[in-house]
Amino acid sequence: MTSFILLLVLSIQELFKPTEEHVLVIRLLVKHLHAFSNSFKPEPVSPSAHSHTASPLAEFKRIVIPRFVQQKLYVFLQHCFGHWPLDASFRAVLEMWLSYLQPWRYAPEKPLLSTESQPRSVSEKWAPFIQENLLMYTKLFVGFLNRALRTDLVSPKNALMVFRVAKIFAQPNLAEMIQKGEQLFLETDLVVPPRQHRLFVSPSFGGSFLSSRTPNITDVSFKVKSHVYSLEGQDFQYKQMFGPEVRNLVLRLAQQICQAQQTAKSISDHSIEATASQSFLSWFRFGPSDLNGSYTGNDLDEIGQDNIKKTDEYLEKALEYLCQIFRVQLPLCSQESLFGMKHGIHKVHGYKVKTVLSTFSPFHNHCKLIGNIT
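Just so it is clear, the model here is predicted, and its values are computed rather than measured.

A.B. asks: Give a detailed account of the pattern of salt bridges, specifying residues and quantitative values.
C.D. replies: Pairs can form between side chains of opposite charge once their charged atoms are near each other. Counted by the stated rule, this structure contains nine salt bridges. Between Glu95 and Arg27 there is a salt bridge, with the nearest N and O atoms lying 4.0 Å from each other. You can see Glu95 sitting in helix α5 (residues 91–101) and its partner Arg27 sitting in helix α2 (residues 20–37), a full 68 residues away along the chain. The burial state of Glu95 is the same as that of Arg27; both residues are buried. Its salt-bridge partner being Arg62, residue Glu59 comes within 2.6 Å of it at the nearest N-O pair. Here the residue Glu59 and the residue Arg62 both occupy positions in helix α3 (residues 56–68), the gap between them amounting to three residues, near one helical turn. Overall, Glu59 belongs to the partly exposed group, its relative accessible area being 30%. One network of salt bridges, in which partners are shared, links Arg27, Arg91, Glu95 and Arg164.

Structure below.
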């Protein structure tokens, strides 16, 4: 009976398909909750007061997100990351996720930009939020990497999503605070034996991140562990965002970005050549049907030169941000270009189109145009 109920629950989860409107409403809720929570101001305490207990409203502002929103939103985002179609409509989910990750955007006190218009540094005051929402930053980032590796990055809309995520995570001091949160989670407990992790209580179940049963453990480390174990269970094997496995995923994505840039350039170059050729032949009143079936038109008009330029810009900045976040060197895309010059640019571009875009139907005709590639 238990297994039947479990299968029923899993089937319901599989059938659940939220709409973009559903996601937009949740994003609006997240924004308002961040603004509400950040409107908290410590109340002045009277000298004669014997208690420092916060008012009910102040307490509600403090707990509303961790107790009533965090777990449900995490499960919802996990579902969307795993089941949403690999197309541009995922942007709605992405922006909702990024809104949750940036409570400082909705704080009443917003630091001014520097005179050099540099990105704002994320203040250390947000370290507790980042630590107590660690999986929202790290595990979902890995989920996004896995999605990005399966999408067509030549599409400007998909390139924009990679750019948006890289830009947000590249905010000064954010990566350092995430890394600090990981270190706190991986910190060995010297006071509490491993099995006592079972005492960690999730706020969503009416408890507190801090348990009175473990007064000697470091408060901050305990909060991070509580967050992770309450969302993923005691047997969860944490994958470090700044560990070697995820770094390899980032390097794979960087290589794919380079390939997409090469492909976009190939498409752009051929589009210009085909347009010029068609214009020249029109002087002799030749049409596409007069050229023995050879390709003269531009069936990539739906992409357009402007969009190809946007794709290149988004991917270039995304690559720069990713290398900044993970402190890796830029991929040697320039060496690929030299390789193309040495071995024939059409052959290299054709290879790129074949390997990167053969699974994306809008570019099948372009693959045929390049010719057979051995």
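Past the structure itself, the notes keep going.
A.B. asks: Please set out the confidence of the model for the protein residue by residue, giving values where relevant.
C.D. replies: Across the protein, the average pLDDT comes to 75, with 62% of residues at 70 or higher. Below pLDDT 50 for its whole length, residues 201–217 participates in 35 contacts with residues either more than four positions away or in separate chains.

A.B. asks: Explain the packing of α5 against helix α7 (residues 134–148) to me, and be specific about the residues and the numbers.
C.D. replies: Contact geometry of α5 with α7 gives a least axis separation of 11 Å together with a crossing angle of 155°. The angle between the axes of α5 and α7 places the two elements in the roughly antiparallel class. Note that α5 runs across α7; the crossing there is left-handed. Side by side, α5 and α7 meet where Leu94, Trp97, Tyr100 and Leu101 of the first sit next to Met136, Tyr137, Leu140, Phe141 and Phe144 of the second. Residues that form the contact of α5 with α7 fall into these classes: nine nonpolar, no polar and no charged.

A.B. asks: Hey, could you go over the nonpolar core for me, with residue numbers and the actual values?
C.D. replies: The biggest cluster of nonpolar side chains holds 87 residues, and the ones touching the most others in it are Trp97, Tyr137 and Phe169. Dropping the residues within four chain positions of it, Tyr137 is found in contact with Trp97, Leu101, Pro103, Trp104, Phe129, Ile130, Phe169, Leu174, Ile178 and Met241.

A.B. asks: Describe a nonpolar patch on the surface, naming the residues involved and giving the relevant values.
C.D. replies: A grouping of Leu57, Phe60 and Phe68 is seen on the molecular surface, where their side chains present a nonpolar patch of about 300 Å² in accessible area. Its location among the elements puts Phe68 in helix α3.

A.B. asks: Give a description of the packing of aromatic side chains that names residues and reports values.
C.D. replies: Within this structure, the stated rule accounts for 17 aromatic pairs. Of the aromatic side chains, those joined through ring pairs into one cluster are Phe81, Phe90, Trp97, Tyr137, Phe141, Phe144, Phe169, Phe242 and Phe326. When the ring centre of Phe90 is taken as origin, the NZ or CZ atom of Arg147, which lies over that ring, is 3.8 Å away. A cation over a ring is seen here: Lys225 above Phe185, with NZ or CZ 5.5 Å from the ring centre.

A.B. asks: Residues and numbers for α2, please.
C.D. replies: For α2, spanning 18 residues, the distance from its first C-alpha to its last is 26 Å, which sits close to the expected 26 Å at 1.5 Å a residue. When α2 is considered as a whole, its buried residues turn out to be Val23, Ile26, Arg27, Val30, Leu33, His34 and Ser37. The arc that holds the buried residues of α2, viewed along the axis, is 125°, so those residues lie on one side. When the buried face of α2 is taken as reference, the exposed residues oriented beyond 90 degrees from it are Glu21, Val25 and His32. In this structure, the buried residues of α2 make contact with α3, α4 (70–83), α5 and α6 (127–131).

A.B. asks: Go over the side chain of Arg164 with me, naming the residues and quoting the values.
C.D. replies: Tracing the backbone shows Arg164 in helix α8 (residues 156–169). A residue is classified by how much of its surface remains accessible, and Arg164, at 16% relative accessible area, is buried. Apart from the residues lying within four places of it in its own chain, the contact partners of Arg164 are Arg91, Leu94, Glu95 and Leu98.

A.B. asks: Which residues make up the packing of α2 against α3, and what values do they have?
C.D. replies: For the pair α2 and α3, the least separation of the axes is 9 Å and the interaxial angle reads 140°. By the criterion of interaxial angle, the relationship of α2 to α3 is oblique. Of the two possible hands of crossing, α2 and α3 adopt the one that is left-handed. For the pair α2 and α3, the contacting residues are Leu33, His34, Phe36 and Ser37 in the first and Leu57, Phe60, Lys61, Val64 and Ile65 in the second. Residue composition of the contact of α2 with α3, grouped by class: six nonpolar, two polar and one charged.

Scoring rules and cut-offs
- Residue positions are given per chain, counted from 1 along the sequence in the order it is written.
- Predicted model: local features are reported for residues with pLDDT of at least 70 only, side-chain atom pairs are reported and counted for 80 or more only, and whole-chain, interface and lining totals are derived from all residues.
- Note that water and hydrogens are dropped before the side-chain values are worked out from all heavy atoms of the structure.
- Salt bridges are counted wherever a side-chain nitrogen of Lys or Arg sits within 4 Å of a carboxyl oxygen of Asp or Glu.
- Note on conventions: DSSP H or I runs of at least 4 residues are helices, E runs of at least 2 residues are strands, and numbering of each starts at the N terminus.
- Relative accessibility under 20% of the residue-type maximum defines a buried residue, over 50% an exposed one, and the middle range a partly exposed one, all with a 1.4 Å probe and only protein chains included.
- pLDDT expresses, on a scale from 0 to 100, how confident the predictor is about each individual residue.
- Contacts are assigned to residue pairs with any non-hydrogen atoms lying within 4.5 Å of each other.
- Geometry is summarised by axes, namely lines fitted to C-alpha atoms with helices restricted to the contacting stretch, and by angles between N-to-C directions that run from 0 to 180 degrees.
- Should an angle fall under 35 degrees it is taken as roughly parallel, and over 145 as roughly antiparallel, whereas 65 to 115 is taken as roughly perpendicular and any remaining angle as oblique.
- Helix crossings get a hand from a simple test, with the near helix turned counterclockwise from the far one by less than a right angle marking a left-handed crossing and a clockwise turn marking a right-handed one.
- Residue polarity follows a fixed list, in which Ala, Val, Leu, Ile, Met, Phe, Trp, Tyr, Cys and Pro are nonpolar, Asp, Glu, Lys and Arg are charged, and the others, Gly among them, are polar.
- Nine residue types can take part in a nonpolar core, namely buried Ala, Val, Leu, Ile, Met, Phe, Trp, Tyr and Cys, and a core is a set of them joined through side-chain atoms within 4.5 Å.
- Distance thresholds for patches are 9 Å for like charges and 5 Å for nonpolar side chains (Val, Leu, Ile, Met, Phe, Trp, Tyr), applied to residues having over 30% relative accessible area and no salt bridge.
- For the area figures, the Shrake-Rupley method with a 1.4 Å probe applies, and any residue is considered shielded solely by the protein chains shown.
- Stacked, tilted and edge-to-face are the three classes applied to pairs of Phe, Tyr and Trp rings, where Trp contributes its six-membered ring and a pair requires centres within 6.5 Å; stacked means planes under 30 degrees apart, edge-to-face means over 60, and tilted covers the rest.
- Criterion for a charge above a ring: Lys NZ or Arg CZ within 6 Å of the ring centre, and within 35 degrees of the ring normal.
- Working rule for helices: expected span equals 1.5 Å times residues minus one.
- Arc definition: directions from the helix axis to the C-beta atoms.

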